[in-house]
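Coordinate inspection notes
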Amino acid sequence: MILLIGLNIYTTSSLPQKNAPRMDIPEIWAAGIGGFLIIISSYSIYSLLFRSEKIELSQKGFKELRNFNMKISEMPCSFQVVWDSFYINRSAVPCFWYALTVTLKNPTPYSIKITRRNKMRIFLWKIGIGKKGDTLTGNTYFDSRFWVKMQDQQHILSLIEDGTINRITHFDQNYPPIRKKFGRISISESCIKYLEGPYDEQQRIFDPHRGNVENTLTELVIIAQRMNTAKN
């Protein structure tokens, strides 16, 4: 908007007025005022699209994110940008998620599902309402934030003994996000998934997507390796 006003003043040698005809001004004034507005707006655009991107890349180690499939320690790993939408006042708003998946080399021989509780379920658990039927590990932080469903609850001991539960707790407390701390982890007998988002499409200033996926992936692989070595 400022850029357009500056160009208009510079080319017409006049100033716009609210509810009144334009006011003619000397060409030298028009060049000065218009030029000043053009410079200010151009610098703002530069800061938004280039300087901010350069600072972000240097401070966080961000780089272009592309979907990939690869193997680490013989475990298939994948990353995807998943498109979705959420609703505000019945209007669909485009959004996206960052999804990481690590498939276990040796799936557990028993059924298991570990999911993170939302804020309401954490509150209910802390006041004692959400504890009935839970598989407890003795780790208060983990038990209050994760819901565990197992075919045989005795198998949770193997995940406690090999440090898997503590590693999941450490990840939840300190995980390095791909972009921002909007993520949550879930675990089944065959894979570990990390989902980060949703991000409003308007928040993606830069094209293409940028972030740092390596650190998050490394942490997921460590948890998967612990599960692969757990006693069955």
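Now for a quick tour of the structure. (Residues numbered from 1 in each chain as written. Predicted model: local features only at pLDDT ≥ 70, side-chain atom pairs only at ≥ 80, totals over all residues. Heavy atoms only, no water.)

**Looking at a nonpolar patch on the surface**
Our working rule: Any residue with relative accessible area above 30% and no salt bridge may belong to a patch, with like charges joined within 9 Å and the nonpolar Val, Leu, Ile, Met, Phe, Trp and Tyr side chains within 5 Å. Working definition of accessibility: Shrake-Rupley area with a 1.4 Å probe, residue cover restricted to the visible protein chains. A pair is scored as a salt bridge if a Lys or Arg side-chain nitrogen falls within 4 Å of a carboxyl oxygen belonging to Asp or Glu. Labels follow the DSSP assignment, with helices taken as runs of H or I lasting at least four residues and strands as runs of E lasting at least two, numbered in each case from the N terminus.
The grouping of Met-120, Phe-123, Ile-127 and Ile-129 at the surface amounts to a nonpolar patch, some 440 Å² of accessible area in total. One can find Ile-127 in the loop between helix H3 (119-126) and helix H4 (140-145).

**Considerations on the pattern of salt bridges**
Worth spelling out the cut-off: For every residue, the accessible area (1.4 Å probe, protein chains only) is compared with the maximum for its type, and the residue is labelled buried under 20%, exposed over 50%, or partly exposed between those bounds.
In the structure shown here, the tally under the stated rule is 5 salt bridges. In this structure, Glu-214 engages Lys-63 in a salt bridge whose closest nitrogen and oxygen atoms are separated by 2.8 Å. Residue Glu-214 is located in helix H7 (residues 214-229), and its partner Lys-63 is located in strand S3 (residues 63-64); the two are separated by 151 residues in the primary sequence. A relative accessible area of 33% places Glu-214 in the partly exposed class. On the basis of relative accessibility, which here comes to 44%, the residue Lys-63 falls in the partly exposed class. Linking Lys-105 and Glu-74 is a salt bridge whose minimum nitrogen-to-oxygen distance equals 3.7 Å.

**Examining the packing of aromatic side chains**
Condition: Only Phe, Tyr and Trp rings take part, Trp by its six-membered ring, and two of them pair if their centres are within 6.5 Å. Stacked means planes under 30 degrees apart, edge-to-face means over 60, and tilted covers everything else.
Within the structure shown, the criterion is met by 11 aromatic pairs. What links up through ring pairs into an aromatic cluster is the set Phe-68, Phe-79, Trp-83, Phe-96, Tyr-98, Phe-182 and Tyr-199.

**Re unusual backbone geometry**
With an omega of 5 degrees, the peptide bond running from Gly-197 to Pro-198 counts as cis. By the element assignment, Pro-198 lies in strand S10 (residues 191-200). Phi at Ser-73 takes a positive value of approximately 50 degrees, unusual for a residue other than glycine. Summarising the element assignment, Ser-73 is placed in the loop between strand S4 (68-72) and strand S5 (75-88). For Ser-73, a relative accessible area of 45% translates into the label partly exposed.

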